[in-house]
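Descriptive analysis of the structure
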Amino acid sequence: MSVETSAEIESDEEIVDDDSVSLFEGDEGGLEYAQRHALVTLLKQRFVSARTHPRDWQVLVEHERVLRSRLNDLFLDLQVDRDREVAWKRQATPEAGDRFPTLLYDAAWSREETLVLVHLRDRLRAGQAGGDARVFVDREDLVDYVASFRPPHATDVAGDEKRARNAVASVLKAGLLIATGTDERFEISEAVEPLLPLELLQELLEALQRANNTDAPPQDPADLFDEDTGSADDTAHDRAGSTDDVR
């Protein structure tokens, strides 16, 4: 997920009149262009934040109710963390009966991706506790962290390293790492916390420890977590270790 560029903004401004509701012949939609743009971004991306999509975030904050309504029509729920300035969609859960039809599919995090996410959450919290407004991490730091969880019987060192590097690339593509001026250093997105519930990460980490048949990881899991569960609800969908995306 990339930050909006000035060229993209200028291109949008040339296409439409923001005060117009009818945007094409036969258009019966009730949203203005900026609202539609924010809605499409919410549907296409795993999350929208003030950092990555500043215009869409501002529109979302100003028109949260109408955008929530449009998502509800698609059996989706809008989650908004105003403190961290992050918003994301989630499959709505019926009060009773069968599951709703869905536009989303489950993309499960791999073992290596899970470890990357655990480390990012830890680094983000440590940096913010130290007063850092923005927290950065190196690619090799992430790769080394994943390697520290290799079980004693693992012998495919090259394959394991490749999977770790691919995991970093996947998390970068998901927008939870933000590119900087170098390929080896990234900014950690504040979306890491609200998108990844505490209980889910701890369960996944413990499952990895059991699978590795190790007594304890290099870092005590208790050091990675505290009682603050963030703003994301602990649902069965979260526990599946998946992220939402449109089909």
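Basis of the calculations
- Residues numbered from 1 in each chain as written.
- Predicted model: local features only at pLDDT ≥ 70, side-chain atom pairs only at ≥ 80, totals over all residues.
- Heavy atoms only, no water.
- Salt bridge = Lys/Arg side-chain N within 4 Å of Asp/Glu carboxyl O.
- Helix = DSSP H or I, 4+ residues; strand = E, 2+ residues; numbered from the N terminus.
- Buried < 20%, exposed > 50% of the residue type's maximum accessible area, 1.4 Å probe, protein only.
- Pairing = 2+ DSSP bridges.
- Phe/Tyr/Trp six-rings, centres within 6.5 Å; stacked < 30°, edge-to-face > 60°.
- Expected span 1.5 Å × (residues − 1).
- Core = buried A, V, L, I, M, F, W, Y, C linked by side-chain atoms within 4.5 Å.
- Contact = heavy atoms within 4.5 Å.

This next bit is on the pattern of salt bridges. Per the counting criterion, the structure on display carries 20 salt bridges. Between Asp81 and Arg84 there is a salt bridge, with its nearest N and O atoms 2.7 Å apart. Between Arg163 and Glu112 there is a salt bridge, with its nearest N and O atoms 4.0 Å apart. Taken together, the residues span a long stretch of sequence, with Arg163 in helix α7 (residues 157–173) and Glu112 in helix α5 (residues 111–129) at a distance of 51 residues.

On to the pairing of strand β3 (residues 86–91). Where burial is concerned, most of β3 is hidden: 6 out of the 6 residues are buried. Because side chains alternate across β3, one face comprises the buried residues Val86, Trp88 and Arg90, and the other comprises Ala87, Lys89 and Gln91, equally buried. Direction of pairing for strand β1 (residues 48–49) relative to β3: antiparallel, over a ladder of 2 bridges. Paired with Ser49 across the two strands is Val86, which belongs to β3. For strand β2 (residues 76–81) and β3, the ladder comprises 6 bridges, and the chain directions are antiparallel. When the sheet's bridge partners are listed, Val80 is paired in β3 with Ala87. Connecting β2 to the next strand, β3, in antiparallel fashion are 4 residues, including Glu85 with a positive phi near 60°.

To describe a pair of aromatic rings, one takes the distance between the centres and the angle between the planes. For the structure on display, the rule yields 2 aromatic pairs. Measuring from centroid to centroid gives 4.7 Å for Phe75 and Phe100, while their planes differ by 20°, and the two rings are stacked. Taken together, the positions of Phe75 in the loop between α4 (64–72) and β2 and Phe100 in the loop between β3 and β4 (104–108) put the pair 25 residues apart, joining distant regions of the chain. The exposure class of Phe100 is partly exposed, given its relative accessible area of 28%.

Attention now goes to α5. In this model α5 runs 27 Å from its N-terminal to its C-terminal C-alpha over 19 residues, within 8% of the 27 Å that 1.5 Å per residue would give. Of all 19 residues that make up α5, 14 are buried, and the element is covered over most of its length. Once α5 ends, the next one or two residues include Gly131, with phi positive near 95°.

Another point: the nonpolar core. In a soluble, globular protein the nonpolar side chains are often hidden away together inside. Among the nonpolar cores identified, the biggest contains 30 residues, and Val116, Leu120, Val171, Leu176, Leu177 and Ile188 are the most heavily contacted of them. Put simply, the parts of the chain that give this core at least two residues each are β3, α5, α6 (139–147), α7, β7 (185–188) and α8 (192–195). Looking at this core element by element, the count peaks at 6 residues for α5. Once you skip the residues sitting within four places of it in the chain, Val116 turns out to touch Leu142, Val146, Ala167, Val168 and Val171. Ranked by size, the runner-up nonpolar core spans 15 residues in total, among them Leu39, Trp57, Leu60 and Leu76.

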